[in-house]
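# Notes for the structure review
Below are the chains, spelled out letter by letter.
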Amino acid sequence: MELYSTKHQVENVSLKEAIFKGLPADNGLYMPVEIPTLPPAFFDTIETRSFQEIALEVAKTLIGLEIPDNVLTEIVNDAINFDAPVKPVHDNIHVLELFHGPTLAFKDFGARFMSRLMSYFLQKDHQEINILVATSGDTGSAVAQGFLGVPNIHVYILYPKGKVSKIQEQQLTTNGQNITALEIEGTFDDCQRLVKEAFLDTQLNEKLNLTSANSINICRLIPQSFYYFYAYAQLKAKGKPVVVAVPSGNFGNLCGGLIAQKMGLPIRHFVAATNANDIVPAYLASGIFQAKPSVKTFSNAMDVGNPSNFPRMLALHDDAYEQVKANISGKAYTDEETVQTIQKIYQQTGYLLDPHGAVGYLGLKDYLTSLDEEVNGVFLATAHPAKFIDVVETAIENKVEIPELLAQVLNKPKEAIAMAPEFERLKSFLLNK
Ligand SMILES: Cc1ncc(COP(=O)(O)O)c(C=O)c1O
Ligand SMILES: N[C@@H](CCOP(=O)(O)O)C(=O)O
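Residue numbers here run from 1 along each chain, matching the order of that chain's written sequence. Following the order in which they are written, the chains are lettered starting with A and the ligands numbered starting with 1. Per-residue local features are limited, in this predicted model, to residues with pLDDT of at least 70; the limit for side-chain atom pairs, both in listing and counting, is 80 or more; totals at the level of whole chains, interfaces and linings are taken over all residues. Heavy atoms from the whole structure form the basis of all side-chain values; hydrogens and water molecules are not counted.

Labelled according to an unreviewed UniProt entry, the protein appears under the name Threonine synthase, originating from Rapidithrix thailandica. The Pathway (unreviewed entry) comment attached to the protein in UniProt states, word for word, "Amino-acid biosynthesis; L-threonine biosynthesis; L-threonine from L-aspartate: step 5/5." UniProt positions are given in the numbering used here, feature names are shortened, and annotations may be inferred rather than shown by experiment. Its UniProt record gives the protein the following Cofactor (unreviewed entry) comment, quoted word for word: "pyridoxal 5'-phosphate".

Whenever Lys or Arg places a side-chain nitrogen within 4 Å of a carboxyl oxygen from Asp or Glu, that contact is recorded as a salt bridge. Tallying each qualifying case throughout the model produces 15 salt bridges. A salt bridge links Lys60 to Asp69; its shortest N-O distance comes to 3.9 Å. For each residue, the accessible area found with a 1.4 Å probe, counting protein chains only, is set against the maximum for its type, and the residue is called buried under 20%, exposed over 50%, and partly exposed in between. Classification of Lys60 by relative accessible area gives partly exposed; the value is 29%. Measuring nitrogen to oxygen at the nearest pair gives 3.3 Å for the salt bridge that ties Lys414 to Glu183. With a gap of 231 residues between them, Lys414 in the loop between helix H19 (404–410) and strand E14 (417–419) and Glu183 in strand E8 (residues 179–184) connect regions that are remote in the sequence. Overall, the relative accessible area of 10% leaves Glu183 in the buried class. Under the DSSP-based scheme used, a helix requires at least four consecutive residues in state H or I and a strand at least two consecutive residues in state E, with every element numbered from the N terminus.

Two modes of strand pairing occur in sheets, parallel and antiparallel, and in both the strands are linked by backbone hydrogen bonds. What makes two strands pair is DSSP finding at least two bridges between them. Strands sit in the order E2-E1-E3 across an open sheet of three strands; the sheet is antiparallel. If you trace the sheet from one side to the other, it starts and ends with strand E2 (13–14) and strand E3 (30–32), each paired once. The sheet contact formed by strand E1 (residues 2–5) and E2 spans two bridges and is antiparallel. Pairing of Glu2 across the sheet is with Ser14, part of E2.

Under the local residue numbering, the UniProt record ascribes the feature "modified residue: N6-(pyridoxal phosphate)lysine" (unreviewed entry) to Lys107. Residue placement: Lys107 occurs in helix H5 (residues 107–125). Overall, Lys107 belongs to the buried group, its relative accessible area being 15%. Residue contacts follow a heavy-atom distance rule, with two residues in contact if any of their heavy atoms lie within 4.5 Å. Dropping the residues within four chain positions of it, Lys107 is found in contact with Asp138, Thr139, Ala142 and Arg220.

Take a look at the structure:
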């Protein structure tokens, strides 16, 4: 698999180089030079295949010969070992549940695939690496889980103080071993900026072999395309075009869907739904991309003011605004709308949304209302409602059961290093480890 930088200032690299570099030196993002399409026969029989079989076919087609088939099979089977069911909600609205992995958020797909792929390459090279990851709540815990105890890898998680849910914080800060949590006195954007600055710092890179586990790393996006195929497989028998709504922050999830679409997956249209951090909906309305400081919302994992995958979104549409606009609609929703939706859908259907899924639902519902064609709509439920128990219990005025996997972390002691959002602080901390 050959990858180029979206800024075109550096040479193309292999998948292995892209994974371990994380970011190209020109501060662009790696993208596949070629996104091959899957043959019609694959789509003709997709509904007869298991999730793992679909994922393997997609991975092989994208990655090509760089990883032996038997290794890729093992990685996919081991990483994608939980379901992603599509369930009806009401009318032609369905939900794709992406929270059945160990940390109960969609990040488990990416983090588990990445940890296994990195371990494979590292076993061959006997190298040690350090991973930096910025999180607004879910990436950090999925990466911690995915890499816990993996030899030769240390993970540093940067999270914004007071801006993740209580359960998310417990998941991030109670791991020990090769996982260190850094509690940054700032926003998620500060965490993301610090991580990006670290990758561009020569001294840090020479000493620490740094890479990223955020969705700026292309390795995250490959598995984030698998479940779009599987959702289509589950909806295919219904026979209508498929529209997908993605609750979005950094837009890595949506880019996974766009890659799937480029590979031939017949998705009619995407809806990018956001909270008050409306950078991409504003871009879709005006053609102007303007990053802004992030604001705190109930769907905290999407509190992103400078969505890092935006250059990939553009690249996947030949850098043409008109193409992006034709393929993706966008809309932003307030916390009030989010809470009302959780309440209303629970009362009317019994289905319990988390705040992120609620934003996705709203995006889908509004888009479908504007259509005069019959389609099957599916929105992505990106996290389990119990991860945001305060918001959800207030919305439904009822108790939410906490799954055992979350309950286990609740009483563990928190271990996090407090840090000001200054790059020199992070640098000196990392150099002195
Ligand atoms: C629960 C949840 N939903 C949605 C998102 C947004 O996904 P993305 O950043 O890929 O747009 C995130 C974080 O990334 C998340 O944790
Ligand atoms: N919402 C994310 C923020 C980081 O996103 P990523 O997909 O770019 O890693 C989170 O939950 O941490």
